[in-house]
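Chain by chain, the residues:
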Amino acid sequence: MVLLCTLAGLWRAGRGPTARDRLTAFVLLGTTGAALLAVLGSLTGTAAFRDAAIAVVALATVVALVWTQRAGR
């Protein structure tokens, strides 16, 4: 499922055609990356993977908020 989400995000980012489509792809890839890190953290028992997943989600949220605020101008 993670691979399918990654492929869908890459397809949407490459195909575009608008900035909104690329932002949607970025958010999808960010959440997919966070899910992958969370799964790796659970499988290995390494807290650093879970911390990285939280950081990825936080960064994706900030980027999405800044992008939408900038696009509203």
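As a starting point, this report considers the structure included with it. (Residues numbered from 1 in each chain as written. Predicted model: local features only at pLDDT ≥ 70, side-chain atom pairs only at ≥ 80, totals over all residues. Heavy atoms only, no water.)

Orientation of helix α2 (residues 19–44) relative to helix α3 (residues 47–71), taken along the N-to-C sense of each, is 170°, at an axis distance of 7 Å. Relative to α3, the element α2 lies roughly antiparallel. On α3, the residues that touch Ala19, Leu23, Phe26, Val27, Gly30, Ala34, Leu37, Ala38, Leu40, Gly41, Ser42 and Thr44 of α2 are Phe49, Arg50, Ala52, Ala53, Val56, Val57, Ala60, Val63, Ala64, Trp67 and Thr68. In the contact of α2 with α3, the residues fall into 17 nonpolar, five polar and one charged. (Axes fitted to C-alpha atoms, helices over the stretch in contact; angles between N-to-C directions. Helix = DSSP H or I, 4+ residues; strand = E, 2+ residues; numbered from the N terminus. Parallel < 35°, antiparallel > 145°, perpendicular 65-115°, else oblique. Contact = heavy atoms within 4.5 Å. Nonpolar A, V, L, I, M, F, W, Y, C, P; charged D, E, K, R; others polar.)

What follows is about helix α1 (residues 2–15). Over its 14 residues, α1 runs 20 Å from end to end, which matches the ideal 20 Å to within 8%, given 1.5 Å per residue. Gly16 occupies a position one or two residues after α1 and carries a positive phi of about 70°. (Expected span 1.5 Å × (residues − 1).)

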